[in-house]
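Chain by chain, the residues run as shown.
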Amino acid sequence: MTAESPSRLPLSRLRDWLTSLVATPITAGIIACLLLGAGAAFAFQIDRISRDEKLQQTTVQAQVLASGIAAPLAFDDSATLQEYLGALHADPQILAVAAYDAQGGFVGGYAVAPAKLPRKGQIGEPVISARELTVTVPVVQGDTQLGSVYLRVGLDSWSRRATRYVGIAAIVMMAALLIVVLGASYASLHEAHNQLQQETASRMQAEEALRQSQKMEALGQLTGGVAHDFNNLLMVASGALDLMDRTDDPTKLERLKAGIRHAVDRGAKLTQQLLTFSRRSPLKPEVIDLGHRIRGMDALLDRLQTDGIQIELDLPAGLWPVEVDPSELEVAILNIAINARDAMPGGGTIVISAVNQSGNEGADDMVRVAISDSGTGIAPEILNRIFEPFYTTKGVGHGTGLGLSQVYGFARASGGDVEVRSEVGKGTLISLLLPRSHGEPERAAVMPAVVQASARRRILLVEDDNTVAGMVGDMLSAIGYDHERAVSGDAAMRRLERNPDFSMVLSDMIMPGQLSGIDLVRQISQRWPTMPAILMTGYSEAASTARNEGIRLVTKPFTIQTLSAQIDSILVH
Amino acid sequence: MDDVRPPSPARTLRRTLTAPVVLCCVLALLMSQDAPATAQQPASLEQAVKASFLFKFAPFVSWPAAAQPQGGPFNICLRGEDPFGATLDEVVRGQRISGRSVSVRRLGDNGNLGGCQMLFAGRSTATSYAPFAEIDGQPILTVSDQKSGVDGAMIQFVMQNGRVRFQIDSTAARANGLTISSKLLGMAVSVDRR
Ligand SMILES: Nc1ncnc2c1ncn2[C@@H]1O[C@H](COP(=O)(O)OP(=O)(O)O)[C@@H](O)[C@H]1O
Ligand SMILES: [Mg+2]
């Protein structure tokens, strides 16, 4: 994506250069002129060749005549001679013909006025003038010269010859004209194309920004719910901790611990989904399993389940895979679901269902994702406006009118469509129709088991936060590694310089002091190239920088399973 | 080219000796040489034409290669009376046949035929005059004049409408290994008439 293959580079540059060269009206004009010049040279050449041919032809004609009249000339048979010569009258191009005896005396012949015959016969070089051609050939029998033949033929005049080339000239002129016109239009087209490309680029940027803001917009609709949710989770956790102080009953303690565990898991999952959802990602269609994907949105959809709103999922197994951008799909479903919630101020049930829809009679196979509510419904007169951007019936601060326009844009971009069925007072059903893909959906990795350490190794843990350091340290011990903690990147460097007796380094990303996590990993890979390092990080721009540099990451919050698998893959492989 | 026959000449339309070519020839001859006494007579015009024809037969006839000794001249031999005199010498002067110079040899009534390519037999008063007797298959083109009463030549001058023409016996010529061009045959008033 980033680097074009080097062999294509000079070629495409050459093509660009040629294109820009051709794309000027001046070049087109030059080409046209060259074409005209070539045409003229061609005509001239043809003219010369045809003259040479005419000369040859005339010489042969004279030779044939000479051979024929050899005997009549030798034996004074002037009647036969005249017959031979007279036969040439039939050729209108012949202006004069005559036979002379060995002494050069005139024997017979004729001339068409104004041409005149020479009085004495003489052998000489052919003479070509603009309008006529004269050849003289000897009359030879055996090798005795008996006389000579004089033949003069008319050539086509310049104007007549020119008319012969009028056809060619016309074609050449047309071609030249065509080149000029095409060149000019191509040039303007090229310019327009460049403009269009720039426009497209800037529009694509704008679109990306729009998509991002649409996401944040949808997320914004959830914020109230998120805060509320976290509050509940925290309440569960702190309440359980309070209760734990007051009891020694191991079964009760166990239950409370499980409650806390559950609340924390939900919180982590929610944060993870929010982060993933709001991540700025390029539009990238993937083959996905709709059921799996929509079920994976549970933490987000749960935010809508307030004030008497229920969400039901009806996602049968065996749904065909579809090829769409997953995060756009999530935004679209969220947008439709938010509208459904808004349409049911008194509470109700939102049903998200999906079915395969076989295409018959040439239609394509589709998967239909339908989201229904039992809300206010949409009035028929505004039905054809709801997909317009910024069309909203909700008050200021409540609606933006961008939700359904995103839904529509997503459906069309995926090769699908949106259908709306609504009855005022009864409810609304909005269906996303997505074309079936014949690819294999990428399965999300199954949660791996804890990979126990294969040998006792020492790991340098770099982490400023005591709680986190303690927790991660406990994880490492549980997996079976020894560890030593450093409180910052600078401290870690000092420790390593004293003695780099560690199998690897596990470091936080953002820490006080001179060295950040990334800096630390870079320095380690320079000083001790064989020592591996893993960065622990939440989602941030720095993380993607690190990933691009090939630095290994574990994303916070992580489980002991993930951590053990990462360390194992580095130390063992 | 030799087998291209001219489109059958209309012999009936042949005109008399007014053709300017012959006049030109003769006038040129008259002016360019010391005309012999006989040249003033009308017969000399006829003889001049015959002399010219005699020489011009050669290019239209091909001799077998064996009959053409390298380097030697092309010999036109005369037997019996010489009707041409200096005219013939004049005609052949400076000419070449098959790259060889041309000479005229006057043999008298029965001189040796060795080296002759052509033999013209004029009249003779000798009773035992048989000019072509010892040719006997040798490649020698024989020519005579009907007027002189010598028979048996391959080519014989005849007068037709006051013009000099000739008859050809191509069978005899072929029997002696000579090939006469069809062009020349086309000029003859008759071919192979016996
Ligand atoms: N499920 C629904 N029930 C009733 N009206 C709806 C429903 N979904 C969309 N609408 C109507 O369509 C309009 C446009 O929706 P949307 O584009 O999502 O913008 P917004 O939700 O910000 O108003 C809404 O203002 C509402 O009037
Ligand atoms: Mg909306």
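On a predicted model such as this, the values are computed, not experimentally measured, just so you know. (Residues numbered from 1 in each chain as written. Chains lettered and ligands numbered in written order. Predicted model: local features only at pLDDT ≥ 70, side-chain atom pairs only at ≥ 80, totals over all residues. Heavy atoms only, no water.)

**With respect to the overall build of chain B**
So, step 1. A tally of regular secondary structure across chain B gives 5 helices and 10 strands.
So, step 2. Put simply, chain B has 194 residues, and 48% of those count as buried.
So, step 3. Relative to all contacts within chain B whose residues are 6 or more apart in sequence, the contacts with residues 24 or more apart total 60%.
So, step 4. Accessible surface, chain B as shown: approximately 9400 Å² in total, 54% of it carbon and sulfur. (Helix = DSSP H or I, 4+ residues; strand = E, 2+ residues; numbered from the N terminus. Buried < 20%, exposed > 50% of the residue type's maximum accessible area, 1.4 Å probe, protein only. Contact = heavy atoms within 4.5 Å. Areas by Shrake-Rupley, 256 points an atom, 1.4 Å probe, with all protein chains shown as cover.)

**A short note on the overall build of chain A**
So, step 1. In terms of helices and strands, chain A carries 14 helices and 17 strands.
So, step 2. Buried residues in chain A amount to 39% of all 573 residues.
So, step 3. For chain A, long-range pairs separated by at least 24 residues make up 67% of all intrachain contacts whose partners lie at least 6 apart in sequence.
So, step 4. Entry remark: accessible area of chain A is about 31700 Å², with carbon and sulfur atoms responsible for 58%.

**Thoughts on helix 11 (residues 489-498) of chain A**
In an α-helix there are 3.6 residues to a turn, and that puts residues three or four apart on one side.
Residue and element names in this part refer to chain A.
So, step 1. The buried fraction of helix 11 is high, at 7 of 10 residues.
So, step 2. Taken together, the buried positions of helix 11 are occupied by Gly489, Asp490, Ala491, Ala492, Met493, Arg495 and Leu496.
So, step 3. Here the buried face of helix 11 lies against strand 13 (458-462), strand 14 (482-486), strand 15 (504-508) and helix 12 (517-527).
So, step 4. At the N-terminal boundary of helix 11, the capping side chain belongs to serine 488, with an oxygen 3.4 Å from the backbone nitrogen of aspartate 490. (Polar contact = N/O pair within 3.5 Å; in protein donor to acceptor, adjacent residues only side chain to side chain.)

**Observations regarding the site of ligand 1**
All names here are of chain A.
So, step 1. Surrounding ligand 1, one finds 19 residues, the nearest of these being Asn339, Thr392, Thr393, Lys394 and Gly401.
So, step 2. A distance of 2.5 Å separates an oxygen atom of ligand 1 from a polar atom in the side chain of threonine 393.
So, step 3. One of the backbone N or O atoms of glycine 403 is found 3.5 Å from an oxygen atom in ligand 1.
So, step 4. Bound to the protein, ligand 1 loses 94% of the 530 Å² it would expose on its own.
So, step 5. No other element matches the 3 residues that helix 8 (residues 326-343) contributes to the shell around ligand 1.
So, step 6. Looking at the shell around ligand 1 residue by residue, the classes come out as 7 nonpolar, 10 polar and 2 charged. (Near = heavy atom within 4 Å. Nonpolar A, V, L, I, M, F, W, Y, C, P; charged D, E, K, R; others polar.)

**Some thoughts on the nonpolar core**
So, step 1. Counting 64 residues, the largest nonpolar core has A:Phe75, B:Leu54, B:Phe57, B:Met118, B:Leu141, B:Phe166 and B:Leu184 as its most contacted members.
So, step 2. Here this core gets 8 residues from one element, more than from any other, and that element is helix 2 (residues 25-74) of chain A.
So, step 3. In terms of nonpolar packing, the next biggest core, distinct from the first, is built from 48 residues, A:Ile311, A:Val324, A:Ile336 and A:Leu432 among them. (Core = buried A, V, L, I, M, F, W, Y, C linked by side-chain atoms within 4.5 Å.)

**Quick word on the pairing of strand 14 of chain A**
Residues and elements named next belong to chain A.
So, step 1. Relative to strand 14, strand 13 runs parallel, the two being bridged by 5 bridges. Within the sheet, the bridge partner assigned to valine 462 lies in strand 14 and is alanine 486.
So, step 2. Viewed along the sheet, the connection from strand 13 through helix 10 (residues 466-479) into strand 14 turns out right-handed. (Pairing = 2+ DSSP bridges. Right-handed = clockwise from strand over helix to strand, strands pointing away.)

**Quick look at the sheet that holds strand 2 (residues 74-79) of chain B**
All names here are of chain B.
So, step 1. Strand order in this open sheet of 8 strands is 3-4-2-5-6-7-8-10, and the pairing throughout is mixed. The open sheet is flanked by strand 3 (96-97) and strand 10 (190-191), the only strands paired with a single partner.
So, step 2. Judged from the 3 bridges that link them, strand 6 (residues 141-145) and strand 7 (residues 155-160) form a sheet pairing that is parallel. Residue pairing across strands places serine 144 opposite glutamine 156, the latter belonging to strand 7.

**A short note on the state of the cysteines**
Residue and element names in this part refer to chain B.
So, step 1. Taken as a whole and judged by the stated rule, the model has 1 disulfide over all chains.
So, step 2. Across a sulfur-sulfur distance of 1.9 Å, cysteine 77 and cysteine 116 are joined as a disulfide pair. The disulfide joining cysteine 77 to cysteine 116 has a torsion of about -95° about its S-S bond and is therefore left-handed. Here cysteine 116 lies in strand 5 (residues 116-121) and cysteine 77 lies in strand 2, a separation of 39 residues in the sequence. Accessibility assignment for this pair places cysteine 77 and cysteine 116 in one class, buried. (Disulfide = S-S within 2.5 Å.)

**Thoughts on the sheet that holds strand 10 (residues 366-373) of chain A**
Residue and element names in this part refer to chain A.
So, step 1. Taken in spatial order, the 5 strands of this open sheet run 7-9-10-12-11, and their pairing is mixed. With partners counted over all chains shown, the strands left at the sheet margins are strand 7 (309-314) and strand 11 (417-423), one partner each. Pairwise comparison of adjacent strand axes, ignoring direction, gives a mean angle of 15° for this sheet.
So, step 2. Bridge count for strand 10 against strand 12 (residues 427-435) is 8 bridges, and the pairing is antiparallel. Counted as the bridge partner of valine 369 is leucine 432 from strand 12. (Axes fitted to C-alpha atoms, helices over the stretch in contact; angles between N-to-C directions.)

**Brief notes about the pairing of strand 7 of chain B**
Residues and elements named next belong to chain B.
So, step 1. Alignment of strand 7 against strand 8 (residues 163-168), held across 6 bridges, turns out to be antiparallel. Looking across to strand 8, one finds that glutamine 160 is bridged to arginine 163.
So, step 2. The hairpin turn running from strand 7 into strand 8, its antiparallel successor, is 2 residues long, and asparagine 161 in that turn takes a positive phi close to 50°.

**Focus on the confidence of the model for chain B**
So, step 1. Per-residue pLDDT for chain B has a mean of 78; in total, 75% of the residues score no lower than 70.
So, step 2. Reported for the predicted complex are a pTM of 0.44 and an ipTM of 0.73. (pLDDT = per-residue confidence, 0-100.)

**A few points about the environment of A:Gly183**
All names here are of chain A.
So, step 1. Position of glycine 183 among the secondary structure elements: in helix 4 (residues 158-245).
So, step 2. Glycine 183 sits in the buried class, given a relative accessible area of 7%.
So, step 3. The contact partners of glycine 183, leaving out residues within four places of it in the chain, are Ala28 and Leu178.

**A short note on the environment of A:Thr537**
Residues and elements named next belong to chain A.
So, step 1. Looking at the secondary structure, you find threonine 537 in strand 16 (residues 533-537).
So, step 2. A sequence separation of 19 residues divides threonine 537 from lysine 556, and the C-alpha atoms of the two residues are 5.3 Å apart.
So, step 3. Those residues in contact with threonine 537 that sit more than four places away from it in its chain are Met509, Ala543, Leu553, Val554, Thr555 and Lys556.

**Observations regarding the pattern of salt bridges**
So, step 1. If you walk through the whole model with that rule in mind, you get 26 salt bridges over all chains.
So, step 2. Of the charged contacts in the structure, one is a salt bridge between B:Arg79 and B:Glu134, with a shortest N-O distance of 2.6 Å. Of this pair, B:Arg79 sits in strand 2 while B:Glu134 sits in the loop between strand 5 and strand 6; the two residues are 55 residues apart in sequence, bridging distant segments of the chain.
So, step 3. Each member of the salt-bridge network shares a partner with another, and the members are A:Arg458, A:Glu484, A:Arg495 and A:Asp501. (Salt bridge = Lys/Arg side-chain N within 4 Å of Asp/Glu carboxyl O.)

**Brief notes about unusual backbone geometry**
So, step 1. Following A:Ala113, the chain continues into A:Pro114 via a peptide bond in cis, with omega recorded as 10°.
So, step 2. Here A:Pro114 shows up in the loop between strand 2 (106-111) and strand 3 (127-128).
So, step 3. A positive phi is found at A:Asp76, a non-glycine position, where the angle reads about 55°.
So, step 4. Tracing the backbone through its elements, the reader meets A:Asp76 in the loop between helix 2 and helix 3 (78-87).
So, step 5. Judged by its relative accessible area of 10%, A:Asp76 is buried.
So, step 6. A positive phi angle, close to 50°, is found at B:Asp136, a residue other than glycine.
So, step 7. Along the chain, the position of B:Asp136 falls in the loop between strand 5 and strand 6.

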